[in-house]
Protein chains: 2
Amino acid sequence: MERIVRKYRGKGFKLTPQRIAILKFLEGNTSHPTAEDIYTEIKKRYPTVSFATVYNTVQVLRDKGELLEITIDPARKHFDPNPAPHHHIMCTGCGRIGDVFVDYSAALNLPDEVTSQFTTTGNHIDFYGVCNACRTKNIN
Amino acid sequence: MERIVRKYRGKGFKLTPQRIAILKFLEGNTSHPTAEDIYTEIKKRYPTVSFATVYNTVQVLRDKGELLEITIDPARKHFDPNPAPHHHIMCTGCGRIGDVFVDYSAALNLPDEVTSQFTTTGNHIDFYGVCNACRTKNIN
DNA sequence: TTACTAACTTAGAATAATTCTATTATAGAA
DNA sequence: TTCTATAATAGAATTATTCTAAGTTAGTAA
Ligand SMILES: [Mn+2]
Ligand SMILES: [Mn+2]
Ligand SMILES: [Zn+2]
Ligand SMILES: [Zn+2]
């Protein structure tokens, strides 16, 4: 089949129909879905799919570095099929999560009291804000 | 009694013994405890204290702007009695969370494709790293 | 002081996200 | 085609957090 199958074939990763459906759903998806979002979508074509399959698949993808786990939402995890380092902005009204493709690393110098305690390996910025739809709604 | 009681008296906030114990535990605490950490500590003096009291109290403090909820750890929430804007660094080995008291806001300019979609209200940076204790341990 | 009551505490149930387990099925290799 | 390691599934288990209903109390005001 298509690109996705080519991309994952022969990587010690069995390409089952459920996995292909999950990979297709995630491919290029910038909505930062939750496990339930993925489950609900895959269930349309595979009505017997289980949450375990969703969680197992995202875990494998995470271990392969193909997917990131986003912690910006205190209520649940969101997943991001774009493993390139980037940041996020969440609407405090509706929870929508947008991408911020800027590398701020050069500006994020840590003070000595931190560098003396930690060897830094990465960073991720959570921005908070209000999306246009929610702002419009609140102008009652 | 002491500072804490003075600070919270007469703010539409009943000062029960359990709450005073929680406030005392949190006062100046930079360990970013979880609800369970707080519960375990308070239980020493109040063996019948419940998780509901811990969660209710941190929720009230959060609503009053006296406490922050930290999302850096995907497994559970951590609480921070320092409501001043600051950032965090978590050790990927042991989970220890340290403070980063630097305001990077001036450097965190967002691109137009984001500002056209969101009105930004805040930011929080998660730094990741390895603490000295864990680094030493890994030099086997 | 005393009495009152809104606010609080508690045990335990409920909910919700995530993980685990045992069984059955199958992708991919030989 | 056969084989087997790996995966899918249903459902139970676990864990974090919230809710509920009943009893208690801090703080107010007479
Ligand atoms: Mn993203
Ligand atoms: Mn802090
Ligand atoms: Zn919104
Ligand atoms: Zn550590």
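This write-up is about the structure you can find in this document. Since the model is a prediction, treat every value here as computed from it, not as a measurement.

What follows deals with the layout of surface pockets. Estimated volume of the largest pocket: approximately 650 Å³. Residue lining of the largest pocket: 25 residues in total, with Leu 68, Glu 69, Asn 123 and His 124 of chain A together with Tyr 128 of chain B positioned closest to the centre. Of all the elements in the fold, those that place two or more residues in the lining of the largest pocket are strand S1 (68-70), strand S3 (87-91) and strand S5 (118-131) of chain A together with strand S3 (87-91) of chain B. Top contributing element to the lining of the largest pocket by residue count: S5 of chain A, with four residues. The class makeup of the residues in the lining of the largest pocket is nine nonpolar, 12 polar and four charged. Here the second largest pocket is characterised by a volume of approximately 480 Å³. As for the second largest pocket, its lining consists of 20 residues, and the residues nearest its centre are Tyr 128 of chain A together with Leu 68, Glu 69, Asn 123 and His 124 of chain B.

A few words now on the coordination of the manganese ion (ligand 1). Residues and elements named next belong to chain A. Donor atoms from the polypeptide that bind the manganese ion (ligand 1) are His 32 (NE2), Asp 80 (OD), His 86 (NE2), His 88 (NE2) and Asp 99 (OD), placed at 1.9 to 2.3 Å. As a motif over one chain, the donors of the manganese ion (ligand 1) read H-x47-D-x5-H-x1-H-x10-D. Taken together, the residues Asp 80 in strand S2 (residues 78-80) and Asp 99 in strand S4 (residues 97-100) connect sequence positions 19 residues apart. By relative accessible area, which is 2% here, Asp 80 ends up buried.

What follows is about the coordination of the zinc ion (ligand 4). All names here are of chain B. Around the zinc ion (ligand 4), the protein contributes the donor atoms Cys 91 (SG), Cys 94 (SG), Cys 131 (SG) and Cys 134 (SG), which lie 2.3 Å from the metal centre. Summarised as a motif, the one-chain spacing of the donors to the zinc ion (ligand 4) is C-x2-C-x36-C-x2-C. On the criterion of sequence distance, the pair formed by Cys 94 in the loop between S3 and strand S4 (97-100) and Cys 131 in strand S5 (residues 118-131) is long-range, its members being 37 residues apart.

Around DNA strand C sit 17 residues, and of these Tyr 55 of chain A together with Thr 16, Gln 18, Arg 19 and Thr 48 of chain B come closest. Taking the atoms of DNA strand C that fall within 4 Å of the protein, sugar and phosphate contribute 75% of them. Separating a base nitrogen of DNA strand C from a side-chain N or O atom of Lys 14 of chain A is a distance of 3.1 Å. Breaking the surface near DNA strand C down by element, the ones donating at least two residues are helix H4 (51-63) of chain A together with helix H2 (17-26) and helix H4 (51-63) of chain B.

Thresholds applied
- Residues numbered from 1 in each chain as written.
- Chains lettered and ligands numbered in written order.
- Predicted model: local features only at pLDDT ≥ 70, side-chain atom pairs only at ≥ 80, totals over all residues.
- Heavy atoms only, no water.
- 1 Å grid on protein atoms, 1.4 Å probe; cavity = no way out; pocket = protein on both sides within 12 Å on 5 of 7 lines; lining within 4 Å.
- Points joined across faces, edges and corners; volume = space filled by probe spheres on them.
- Helix = DSSP H or I, 4+ residues; strand = E, 2+ residues; numbered from the N terminus.
- Nonpolar A, V, L, I, M, F, W, Y, C, P; charged D, E, K, R; others polar.
- Donors = N, O, S within 2.8 Å, 3.2 Å for Na, K, Ca; no water.
- Buried < 20%, exposed > 50% of the residue type's maximum accessible area, 1.4 Å probe, protein only.
- Near = heavy atom within 4 Å.
- Polar contact = N/O pair within 3.5 Å; in protein donor to acceptor, adjacent residues only side chain to side chain.

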